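These are the residues of each chain, in order.
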Amino acid sequence: PHHLLTEEQLKTIYNSYPAKHLRNKVVLGLLVFQALRRKEIHQLKVEPINLETGQVHIKSSRKANGRILSLAAVQLLPLQSYLANYKTAELFPSAHLHYAQYYLIKQLKPHYPKLLSCRQLRASVISNWLRHHNLRQVQYMAGHRYVSSTERYNRSHLEDLQRDLDEYHPSND
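Residues numbered from 1 in each chain as written. Predicted model: local features only at pLDDT ≥ 70, side-chain atom pairs only at ≥ 80, totals over all residues. Heavy atoms only, no water.

### Here we look at the environment of Thr-150
Item 1. With respect to the helices, strands and loops of the structure, Thr-150 is situated in helix H8 (residues 147-151).
Item 2. For Thr-150, a relative accessible area of 0% corresponds to the buried category.
Item 3. Counting along the chain gives 12 residues from Thr-150 to Val-138, while the straight-line C-alpha distance between them is 7.1 Å.
Item 4. When residues no more than four places from it in sequence are discounted, the contact partners of Thr-150 are Leu-130, Leu-135, Val-138, Gln-139 and His-144.
Item 5. A distance of 2.7 Å separates a polar atom in the side chain of Thr-150 from a polar atom in the side chain of His-144. (Helix = DSSP H or I, 4+ residues; strand = E, 2+ residues; numbered from the N terminus. Buried < 20%, exposed > 50% of the residue type's maximum accessible area, 1.4 Å probe, protein only. Contact = heavy atoms within 4.5 Å. Polar contact = N/O pair within 3.5 Å; in protein donor to acceptor, adjacent residues only side chain to side chain.)

Right, dumping it as structure tokens:
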């Protein structure tokens, strides 16, 4: 993973997105706070979202394990407003969700030139999780079947280690 965004940058991107595009705001929240894949967002139903407990249940698939993730507090109000307007079982009934995500990134890019794609958002979130949680917790949260998939994101911390080594190494005195 490269061109990763910090937690502050991710939160700024989410908070600055206008609430008038409610569907896109909800999708952006699922990318920024839960690191969901496009296919997971597309297959998400209304019933596994529990606003009272602030959790969302992601079903397992051929490529990913199922998991229960906590929703961020800032996601609850837009999600509640979005759910009040839609009475279908599918959370995002549009067959063109891929294009909606493409449009979302295209909208954000002029304001955040470092933002490249939805995959970059997912990689950034997983990398940031590794700073606060152990490897197995992040494996569960990311839905990775194999721990080696999660370990790929640990490589981004080599830069931090190199910086610490340069700063604290005895030969640098």
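### Structural notes on unusual backbone geometry
Item 1. One non-glycine residue, Ala-35, lies in positive phi territory at about 55°.
Item 2. Note that Ala-35 resides in the loop between helix H2 (22-34) and helix H3 (38-43).
Item 3. The buried category is assigned to Ala-35, whose relative accessible area is 0%.

### Re the sheet that holds strand E1 (residues 49-50)
Item 1. Here 3 strands make up an open sheet; going across it, the order is E1-E2-E3 and the pairing antiparallel. Each having just a single partner strand, E1 and strand E3 (67-70) make up the two edges of the open sheet.
Item 2. In terms of strand pairing, strand E2 (residues 55-58) meets E3 through 4 bridges, oriented antiparallel. Across the sheet, His-57 pairs through a bridge with Ile-68, a residue of E3. (Pairing = 2+ DSSP bridges.)

### With respect to the nonpolar core
In summary, soluble globular proteins display a tendency toward joint burial of nonpolar side chains.
Item 1. Core analysis: the largest hydrophobic core is formed by 45 residues, its most contacted members being Leu-28, Ile-41, Ile-49, Phe-92, Leu-121 and Trp-129.
Item 2. Every element with two or more residues in this core is listed here: helix H1 (7-16), H2, E2, helix H4 (73-85), helix H5 (97-108), helix H6 (118-132) and helix H7 (135-142).
Item 3. Top contributing element to this core by residue count: H2, with 8 residues.
Item 4. What Leu-28 contacts, discounting residues up to four positions off in sequence, is Ile-13, Tyr-14, Tyr-17, Leu-104, Leu-108 and Leu-121. (Core = buried A, V, L, I, M, F, W, Y, C linked by side-chain atoms within 4.5 Å.)

### Describing the pairing of E2
Item 1. Side-chain alternation along E2 places Val-56 and Ile-58 on a buried face and Gln-55 and His-57 on a face that remains uncovered.
Item 2. As paired elements, E1 and E2 share 2 bridges and run antiparallel to each other. Opposite Asn-50, over in E2, you have Gln-55 as the bridge partner.
Item 3. The hairpin turn running from E1 into E2, its antiparallel successor, is 4 residues long, and Gly-54 in that turn takes a positive phi close to 70°.

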